[in-house]
Amino acid sequence: MPKGQKIKEFVAFLFASLTLGCEAQASEYGLSLYQLGLVQPAPGYTPPPGLYFYDSYYLYTGSGNLYQHSLTKDPTRVTYQFAANLAIFAWYSDLTLFGGRLGFATTNAVGSDISSYSTPFVDAAGINRRSDVQKTAIGFADSELTALLGWQAGDQHWKLTASGFFPTGNYLAGRLAQTGLNRPAIDVKGAYTYLSHETGLEASAALGFTINAINTATDYLSGVDMHFEWSIGEHLPLGLYFGVGGYFYQQITADAGSGAAKFGSFQGRVAAVGPIITYKLKAGDQYIDLAARWYHEFAAYNRVEGDSIFATLGFPLWTPPPALAQK
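Since the structure is predicted, the reported quantities are computational estimates derived from the model, not experimental observations.

Concerning a nonpolar patch on the surface
Residues Leu51, Phe89, Trp91, Leu95, Phe104, Leu317 and Trp318 make up a contiguous nonpolar surface patch of about 650 Å² in total accessible area. Elements represented by at least two residues in the nonpolar patch include exactly strand 2 (77-97) and strand 15 (305-318). Per-element tally for the nonpolar patch: the top contributor is strand 2, with three residues. Here Leu317 shows up in strand 15.

Notes on unusual backbone geometry
A cis amide bond links Gln40 with the next residue in sequence, Pro41, at an omega value of -5°. With respect to the helices, strands and loops of the structure, Pro41 is situated in the loop between helix 1 (3-17) and strand 1 (50-65). Although it is not a glycine, Asp219 sits at a positive phi angle of roughly 50°. Inspection of the secondary structure assignment puts Asp219 in the loop between strand 10 (201-212) and strand 11 (225-235). Despite not being glycine, Ala299 has its phi angle at roughly 55°, a positive value. As for its placement among the helices and strands, Ala299 is situated in strand 14 (residues 286-301).

Regarding the confidence of the model for the protein
Of the residues in the protein, 80% reach a pLDDT of 70 or more, and the chain-wide mean stands at 85. Note on residues 6-25: pLDDT is under 50 here. Beyond four places in sequence and across chains, it has 28 contacts.

A closer look at the packing of aromatic side chains
Taken as a whole and assessed by the stated rule, the structure comprises eleven aromatic pairs. Here the aromatic cluster, defined as three or more aromatic residues joined through ring pairs, consists of Tyr58, Tyr247, Tyr295 and Phe310. The positively charged end of Arg303 is found above the aromatic ring belonging to Tyr249, 4.1 Å away from the centroid.

Focus on the pairing of strand 2
For strand 1 and strand 2, the ladder comprises 16 bridges, and the chain directions are antiparallel. Paired with Ser63 across the bridge in strand 2 is Thr79. Taken together, the 17 bridges between strand 2 and strand 3 (residues 100-117) define a ladder with antiparallel strand orientation. The residue of strand 3 that forms the bridge with Ala84 is Gly111. Adjacent in sequence and paired antiparallel, strand 2 and strand 3 are bridged by two residues, among which Phe98 carries a positive phi angle near 55°.

Rules used in this analysis
- Residues numbered from 1 in each chain as written.
- Predicted model: local features only at pLDDT ≥ 70, side-chain atom pairs only at ≥ 80, totals over all residues.
- Heavy atoms only, no water.
- Patch = residues over 30% accessible without salt bridge, like charges linked within 9 Å, V, L, I, M, F, W, Y side chains within 5 Å.
- Areas by Shrake-Rupley, 256 points an atom, 1.4 Å probe, with all protein chains shown as cover.
- Salt bridge = Lys/Arg side-chain N within 4 Å of Asp/Glu carboxyl O.
- Helix = DSSP H or I, 4+ residues; strand = E, 2+ residues; numbered from the N terminus.
- pLDDT = per-residue confidence, 0-100.
- Contact = heavy atoms within 4.5 Å.
- Phe/Tyr/Trp six-rings, centres within 6.5 Å; stacked < 30°, edge-to-face > 60°.
- Lys NZ or Arg CZ within 6 Å of the ring centre and 35° of its normal.
- Pairing = 2+ DSSP bridges.

Given below as structure tokens:
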């Protein structure tokens, strides 16, 4: 067996062990509302008080056998191609709660999805997916509102976030391609970042859970999603950062509803790893953060597997005057 294949299988085994042997199911459409890899690196770091803007261009291409345990028992290979622009407005205050600084953020996106499949199949809504079913969608994605608390002690940073997802995206039950999933959800996440001001070393980890509500159009209740993200890298002179990061996803509770009953239980998981590069550019008194991330997915089961690419631009829209900040 090639050495690279052995490493991939070993990593997949380690990730699978995190589920503690729990039987897992697969979210509807094999997709989750939480955007894996979006907030890396340094997910535990809380910026200084102010209003910030982040804009990320996102590309994804992946495929997988999502319906091999449906009533037909025939594997159907589904391919997704996403292109989206995600805009995040974040406000970090100097107000404290339980010793942590309070902040809020909103995420909105617009994009497109081009989907295809290898053979016709019957989906969770009982719709027969044929070649003449619309396979392209363009429009808004589901929106997200987040509240956060951030703590700092020297080189160590912690952050706790609670996010709500709202079904504002372009969704149609009879269509394979979607830019929304038509299910509200709540996500809770804890993140930690170690950032050394002496050596420039940065190491981060974040663990979260997404609790989904029912999709009323298909009567499909997706189970709870678990997501784990990590990164490690080095801050170099001239504002450069080079690192590597990844994520692991697994659903840890069963799906429910009459839509899920049409399929029966089947597991869903995926892992990913890839390089991260950031650059801090100074333009006058303004700092602009540029970042690029590429994640290659592997060890997928009942979920699409492919490549995610992010290109991010971020900068403060407003920061308090020095005298006010000191006060």
